[in-house]
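Residue-level structure breakdown
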Amino acid sequence: MDQSKNAPQGKSDGGHGEPDRGRHRDAAVVGRRRRRRCLGMAVALVVTGTTASAGYAVVVAADDKSAQARPPEVHGGAVDFEVAGGTTTVDTGTLRVTGRAAGGALVPVSAAAADDLGRPGRVRVEGPRARWSYPAKGLQVTAVSEAGRLRMTVRAEKDGTLAWPVTGDVNGKGRGADAANASLQIPRGEGLSVPATDRFWNSKAAGLAGTEAELATGSLTLPLWGYSAGGHGVSYLVPESIGSSLAFASTGGRLSATAKHAFSRREKTLGYTVTFALTSGSPIAPGRDYHRWLRQHGELRTLKRKITENPEIKKLLGAQHAYLWGGARGTKAVERLRKQGNTRLWLGYDADGSPMSEEAVAQAERQGYLVGPYDTYANGQDPETADTPVSKWPDKVYPDFCVRDWKGEIKTGFGGRGCYLSSEAFAKSAADHPYLARHVEEMTENGVNSVFLDVDAAGELFADFSENHPMTKKQDRANRMERMRTLADEDGFVLGSESAVSWSAPALAFSHGSQTPVNDTLWPYQKEKEWGAYYPDDAPGFFFKPTTLPASLAKSMYDPAYRVPLYQTALHDSLISTDRWEMPYNKFPAQKKDRALMSVLYNTPLNFVLGEKNLEATGKEMAVLQRYFAPLHKAAGTERMTDFRRLTKDHMVQRSVFGDGALTVTANFGTKRHGSLPAGCVDAELKADPQPRRLCPADG
């Protein structure tokens, strides 16, 4: 799996300005057998604004997003805007934004911009909007109270940069609600809420301070972040995040986050929009705010709708996920999994030249399983020396389709292997040379009903400077969405991808990798012998060898005290999320219990690897967990996560709620009993249950 980490935010199900090109349906060119499903009646999206914005009631008419908001009020160089839960004041001289909650508490929304903006122009109020400019910087600002949020758009006349908003008390003065208990909510993987003054999270080992990542990439899965302190907070959302990144800094032992935007005429990023919402300080408030935003803008494509359009997706509900190796790909092994009690599974296999046979695939499907190959369109290598079949392409795809940088040099592929292939090159050639359609036909000729497409949903978006297939990042995003939609909607495969970021969710049924907040120091650790090598072929140590994570990785990735379900709050009712394939359930013995509890708490499946040698033991272990998980996921897997709370001071006892009480889960990650719930156990209660269902998973 390509561990790419730089893929910006893009289009979901409706908007974001994709290029107006004809859709490339190269599958039709080769006339291969379509795997179309009968489409049910289209499900209309009912857009409402009645969801609370993290504790503050917001009621907005679907066709009037600025309803009920008072016009902005100008006093000197400041402008006041009414928002849900209070007001926000923008200092036009510096772009400092301060909130005042309804009870009077001050909330630091943004410190002054890091840039020298120059003297601002006069503020003009036009109905619900206020406008002003920074002539020296060539910037025009429009601000409006909309749907309970403050929405600010900065438009540039020329290429340049802006470092703003700035989140956190960068001066360490503890102003207003910015007290010693302030925390930042970060969309790394599933999500984190980290104390701003915590020594560990301010250290290099935590992998935050001193780093910068593009918003909505494989590492930052959502185009948002948050701040909370003293029972109040702020949700920050960048609806179109291509060109935007989030940088973390530690100043005086206090962690802060600064958004940075690159204005580019070529990349069509001369406009930059940020929305701000005052919240109750809940650690999942930004995810809740984003879910509301998606609904209001018609960009939430739910799992229920996807299942209506392709009933095969329903087989994911209650299923654990597993990748098969060696003899585990055979018919007898598949039969054995069912005899062990595994009633629902998603089964995948590597593209190593030894796919599952038609007989094994047919047996898996008879057992009600989903099964499919790992695939990728991202890498191209010399066919004579390629290290994997999926990197071998016909004709002169390599090197003619390689992405080229502004110097005209080929963009080297992941791990120094070949090159990254241009999605625009594939799209432009589809009519005469349907390479992708033929590739998919070869990869799925054994009759599979699912596909895992690596990289596309997470991987680095490229600006391609090739003379033959120039491309912006927005075009790259649009091309990727189009080919994912082709696989899912036209061909009918149950489609998954790597670390699916928010813009890709409408096209996908599942994601491998968005579950864990990966610290980037993991990648060099994976090269150490302690992690394991890519051999033997039937059980590579890279996947199968148990390892002990360094303390800093264990804490930053798996400590329940800092984990929060931002991703599930935003997208649980849109797609199913689990871990990366090289981080299966048995890879880290010391974290097994916590990972099992999180699986139930977040209502997300576990991911396993199976070979001939571990099939018996791991298959039985998987069956025990699957039997407990299945009824919970069937009941709530398509529901929205509606609540999440940390019930103890140390954050080690947590509770989640799905739908209108369809499922309530309480997990005790601690070492002491909490009420009747023993340490290391989880209680899950379906609406009709007379009593909770308890799971106390074994230690590693």
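The text that follows walks through the structure, step by step, so that each part is easy to find. Everything numeric in this text was worked out from a predicted model, so none of it was measured.

Description of a negative patch on the surface
On the surface, Glu358, Glu359, Glu442 and Glu445 cluster together into a negatively charged patch. Within the fold, Glu445 resides in the loop between helix H8 (435–443) and strand E24 (450–453). Judged by relative accessible area, which is 59%, Glu445 ranks as exposed.

Notes on the pattern of salt bridges
Within the structure shown, the criterion is met by 32 salt bridges. Linking Asp352 and Arg329 is a salt bridge whose minimum nitrogen-to-oxygen distance equals 2.9 Å. Highlighted residues: Asp352 in the loop between strand E20 (345–349) and helix H5 (358–366) and Arg329 in the loop between strand E19 (320–324) and helix H4 (331–339), separated in sequence by 23 residues. When its relative accessible area of 35% is taken as the criterion, Asp352 is described as partly exposed.

What to know about the packing of aromatic side chains
Summed over all chains, the structure comprises 29 aromatic pairs. Ring geometry for Trp325 against Phe544: centres 6.2 Å apart, planes inclined by 80 degrees, an arrangement best described as edge-to-face. In this pair, Trp325 is assigned in the loop between E19 and H4 and Phe544 in helix H11 (residues 541–544), connecting sequence segments 219 residues apart. Summarising the burial analysis for this pair, Trp325 and Phe544 share the class buried. Sitting above the plane of the Phe465 ring, Arg266 keeps its charged end 4.1 Å from the centroid.

Brief notes about the sheet that holds strand E5 (residues 106–110)
A sheet is described by the order of its strands in space; here five strands give the open sequence E1-E2-E3-E4-E5, paired in antiparallel fashion. Among the strands making up the open sheet, the edge pair consists of strand E1 (73–75) and E5. Sheet twist, expressed as the mean angle between neighbouring strand axes with direction ignored, is 25 degrees. Sheet topology note: the strand E3 (residues 86–91)/strand E4 (residues 96–101) ladder contains six bridges and is antiparallel. Bridge assignment links Thr87 to a residue of E4, and that residue is Arg100.

Brief notes about the pairing of strand E8 (residues 139–146)
Of all the eight residues making up E8, seven are buried; the element is thus mostly covered by neighbouring parts of the structure. Note: strand E7 (residues 129–134) against E8, six bridges, orientation antiparallel. Across the sheet, Ser133 pairs through a bridge with Gln140, a residue of E8. Adjacent in sequence and paired antiparallel, E7 and E8 are bridged by four residues, among which Gly138 carries a positive phi angle near 70 degrees. Where E8 meets strand E9 (residues 149–156), eight bridges bridge the pair, whose relative direction is antiparallel. Residue pairing across strands places Leu139 opposite Ala156, the latter belonging to E9. Adjacent in sequence and paired antiparallel, E8 and E9 are bridged by two residues, among which Ala147 carries a positive phi angle near 55 degrees.

Points about the state of the cysteines
Tallying each qualifying case throughout the model produces two disulfides. Between Cys402 and Cys419 runs a disulfide, and the two sulfur atoms are separated by 2.1 Å. One disulfide, between Cys402 and Cys419, carries an S-S torsion of -80 degrees and so falls in the left-handed class. In this pair, Cys402 sits in the loop between helix H6 (397–400) and strand E23 (419–420) while Cys419 sits in strand E23, placing the two residues 17 residues apart along the sequence. There is no split in this pair, since Cys402 and Cys419 are both buried. The connectivity of the disulfide-linked cysteines in the chain, indexed sequentially, is 1-2, 3-4.

Section: the pairing of strand E2 (residues 78–83)
The pairing of E1 with E2 spans three bridges and is antiparallel. Each residue of the ladder has a partner; that of His75, found in E2, is Ala78. Where E1 hands over to E2, the hairpin turn is made up of two residues, of which Gly76 adopts a positive phi near 65 degrees. Two elements, E2 and E3, share six bridges in a ladder whose sense is antiparallel. Residue pairing in the sheet places Val83 in a bridge with Gly86 of E3.

Observations concerning the environment of Gly230
Within the secondary structure layout, Gly230 lies in the loop between strand E14 (224–229) and strand E15 (232–237). Linking Gly230 and Ala182, residues 48 residues apart in sequence, is a C-alpha distance of 7.3 Å.

Things to note about unusual backbone geometry
With omega at 10 degrees, the peptide bond leading from Tyr398 into Pro399 counts as cis. Position of Pro399 among the secondary structure elements: in helix H6. For the bond from Tyr535 to Pro536, the omega torsion is -5 degrees, close enough to zero to count as cis. Within the secondary structure, Pro536 sits in the loop between helix H10 (522–525) and H11. Phi at Lys268 takes a positive value of approximately 60 degrees, unusual for a residue other than glycine. Look at Lys268 and you get exposed, because its relative accessible area is 55%.

With respect to the packing of H4 against H5
Packed helices, taken two at a time, are described by the angle their axes make and the gap between the axes. Between H4 and H5, whose axes approach to 8 Å, the crossing angle comes to 15 degrees. When the axis of H4 is compared with that of H5, the two are roughly parallel. Between H4 and H5 lies a crossing of right-handed hand. For the pair formed by H4 and H5, the contact residues are Thr331, Val334 and Glu335 on the first element and Glu359, Ala360, Gln363 and Ala364 on the second. Considered class by class, the residues forming the contact of H4 with H5 number three nonpolar, two polar and two charged.

Side note on the sheet that holds strand E27 (residues 576–578)
Sheet architecture is open: eight strands sit in the order E27-E26-E25-E24-E21-E20-E19-E28, paired in parallel fashion. At either end of the open sheet lies a strand with only one pairing partner, and these are E27 and strand E28 (607–610). Geometrically, the sheet is characterised by an average inter-axis angle of 25 degrees between neighbouring strands, direction not taken into account. Contacts from helix H15 (residues 615–636) reach E19, E20, E27 and E28, with the element oriented near 155 degrees to E28.

A few points about the nonpolar core
Of all hydrophobic cores here, the largest spans 143 residues; its most connected members are Leu95, Trp132, Leu150, Met152, Trp164, Leu347 and Met484. Among the nonpolar cores identified, the runner-up in size contains 35 residues, and Phe510, Val518, Tyr525 and Phe544 belong to it.

Focus: the side chain of His633
Within the element layout of this structure, His633 appears in helix H15. Here His633 falls in the buried class, since its relative accessible area comes to 0%. Other than its neighbours up to four places away in sequence, His633 contacts Leu316, Leu317, Gly318, Ala319, Ile576 and Asn603.

Thoughts on the side chain of Asn342
Examined against the element boundaries, Asn342 turns out to sit in the loop between H4 and E20. From its side chain, Asn342 meets the backbone oxygen of Gly619 in a polar contact 3.2 Å long. One polar contact links the side chain of Asn342 to the main-chain amide nitrogen of Ala623, over a distance of 3.2 Å. Setting aside residues up to four positions removed in sequence, Asn342 forms contacts with Leu337, Tyr369, Gly619, Met622, Ala623 and Gln626.

Definitions and limits used
Residues numbered from 1 in each chain as written. Predicted model: local features only at pLDDT ≥ 70, side-chain atom pairs only at ≥ 80, totals over all residues. Heavy atoms only, no water. Patch = residues over 30% accessible without salt bridge, like charges linked within 9 Å, V, L, I, M, F, W, Y side chains within 5 Å. Areas by Shrake-Rupley, 256 points an atom, 1.4 Å probe, with all protein chains shown as cover. Salt bridge = Lys/Arg side-chain N within 4 Å of Asp/Glu carboxyl O. Lys, Arg positive; Asp, Glu negative; His and termini not counted. Charge placed at Lys NZ, Arg CZ, Asp CG, Glu CD. Helix = DSSP H or I, 4+ residues; strand = E, 2+ residues; numbered from the N terminus. Buried < 20%, exposed > 50% of the residue type's maximum accessible area, 1.4 Å probe, protein only. Phe/Tyr/Trp six-rings, centres within 6.5 Å; stacked < 30°, edge-to-face > 60°. Lys NZ or Arg CZ within 6 Å of the ring centre and 35° of its normal. Pairing = 2+ DSSP bridges. Axes fitted to C-alpha atoms, helices over the stretch in contact; angles between N-to-C directions. Disulfide = S-S within 2.5 Å. Parallel < 35°, antiparallel > 145°, perpendicular 65-115°, else oblique. Left-handed = near helix turned anticlockwise from the far one by under 90°. Contact = heavy atoms within 4.5 Å. Nonpolar A, V, L, I, M, F, W, Y, C, P; charged D, E, K, R; others polar. Core = buried A, V, L, I, M, F, W, Y, C linked by side-chain atoms within 4.5 Å. Polar contact = N/O pair within 3.5 Å; in protein donor to acceptor, adjacent residues only side chain to side chain.

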